[in-house]
Amino acid sequence: MPRIRPGRNRSKNTNRRAPLLLSSMKPEDFNVRPDETKSIACPDCNTWRRIMGDKVLKIREHCVSDCRAEDEKHVMCPGTDQVVVIDIDVQRWQARQNRLLRDAMPQNNRRAAQQFYKPIPAPAAPVSRIRAEATLETTRQSYLAHRQGCMRCVGGEHRQHCQDGGILARRYVLALQEEPARREAREELERQEQRTARKLAAPAMRKAQWAKHGGEGVENANNRCSERIAGSVSEFRGPGVPLLPQDVKRHDRRQAELGKQYAARKAPAVSAA
């Protein structure tokens, strides 16, 4: 059986070099992110170039330098059409690059890995859905305020209401129907309060109150009360207050010095007069 000779790539679009493995390069010298254009730093001219191709990846044709003199010609870089093989785990490489970028970023510009968003407050409930004490005046004001701002509840010959307007209208009609019963209940409550006040003001009630808060003990206490003689000392007097200075001689000398100072201040005014 004849031995099959391995084929050789005879395409003119390659530079006949061995494929360039990304694992042999520095992670920061190439970019193979899925959502970005693949690029690589050419090992020969150290310039960033695009990686072309879908199945066979090659460095795009380029010159050694994009800048040249007026009479010079472009010199093709030896790294043109270099075959590139992605033999690394792209996800792990991308995670490492993100970590390096985050560490190199200034501390003030860093962001947390997990973002915490403040919840948006729920919108306020419409007036028709607020559960509050429904009286005739409150339901009337709510219904009129809604009619002023609602176009569907204002126009039209039949005056049809919107959903919220219908709820407010039914609530207003229900308050109108319940108003006589409420008025009667309020009047009955007022009558009960008046009866209670009359009972409390009756002579028998006041006599019972005097009997409860009075009696023989209160009468004896009142009989013990007598007028106090002027100048007498009460038994409820507090601690004794000194009426004379502790050092009488020192006190007299101080008073004499104060008298001399007072006389000296008054002397110029008398002479000027």
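These numbers were taken from a predicted model, which means no experiment stands behind them. (Residues numbered from 1 in each chain as written. Predicted model: local features only at pLDDT ≥ 70, side-chain atom pairs only at ≥ 80, totals over all residues. Heavy atoms only, no water.)

**Student:** Before we move on, could you go through the overall build of the protein chain and cite the residues and values that matter?
**Tutor:** Scanning the protein chain from terminus to terminus reveals 6 helices and 6 strands. Ordered by position in the sequence, the α and β elements of the protein chain form the string β-β-β-β-β-β-α-α-α-α-α-α. Expressed as a percentage of the 273 residues in the protein chain, the buried residues total 17%. Within the protein chain, residue pairs in contact and separated by at least 24 positions form 46% of the contacts whose partners lie at least 6 positions apart. Accessible surface, the protein chain: about 23900 Å² in total, of which carbon and sulfur atoms supply 53%. (Helix = DSSP H or I, 4+ residues; strand = E, 2+ residues; numbered from the N terminus. Buried < 20%, exposed > 50% of the residue type's maximum accessible area, 1.4 Å probe, protein only. Contact = heavy atoms within 4.5 Å. Areas by Shrake-Rupley, 256 points an atom, 1.4 Å probe, with all protein chains shown as cover.)

**Student:** Give a detailed account of a negative patch on the surface, specifying residues and quantitative values.
**Tutor:** A cluster of acidic side chains, namely E184, E187, E190 and E193, defines a negative patch on the protein surface. Checked against the element boundaries, E184 lands in helix α3 (residues 163-201). Accessibility expressed as a relative area gives 54% for E184, which makes it exposed. (Patch = residues over 30% accessible without salt bridge, like charges linked within 9 Å, V, L, I, M, F, W, Y side chains within 5 Å. Salt bridge = Lys/Arg side-chain N within 4 Å of Asp/Glu carboxyl O. Lys, Arg positive; Asp, Glu negative; His and termini not counted. Charge placed at Lys NZ, Arg CZ, Asp CG, Glu CD.)

**Student:** Help me get a handle on the packing of α3 against helix α4 (residues 203-213), residues and values and all.
**Tutor:** For the pair α3 and α4, the least separation of the axes is 5 Å and the interaxial angle reads 60 degrees. Judged on the interaxial angle alone, α4 and α3 are oblique. For the pair formed by α3 and α4, the contact residues are K199, L200 and A201 on the first element and P203, M205, R206 and Q209 on the second. Across the contact of α3 with α4, the residue classes tally to 4 nonpolar, 1 polar and 2 charged. (Axes fitted to C-alpha atoms, helices over the stretch in contact; angles between N-to-C directions. Parallel < 35°, antiparallel > 145°, perpendicular 65-115°, else oblique. Nonpolar A, V, L, I, M, F, W, Y, C, P; charged D, E, K, R; others polar.)

**Student:** Describe the pattern of salt bridges, naming the residues involved and giving the relevant values.
**Tutor:** Inspection of every chain in the model, using the stated rule, returns 7 salt bridges. A salt bridge links D44 to R17, with the nearest nitrogen and oxygen atoms 3.0 Å apart. Taken as a pair, D44 in the loop between β3 (39-41) and β4 (48-52) and R17 in the segment before β1 (20-21) lie far apart in primary sequence, 27 residues in all. Since its relative accessible area comes to 35%, D44 is described here as partly exposed. Residue R17 is classed as partly exposed on the basis of its relative accessible area of 40%.

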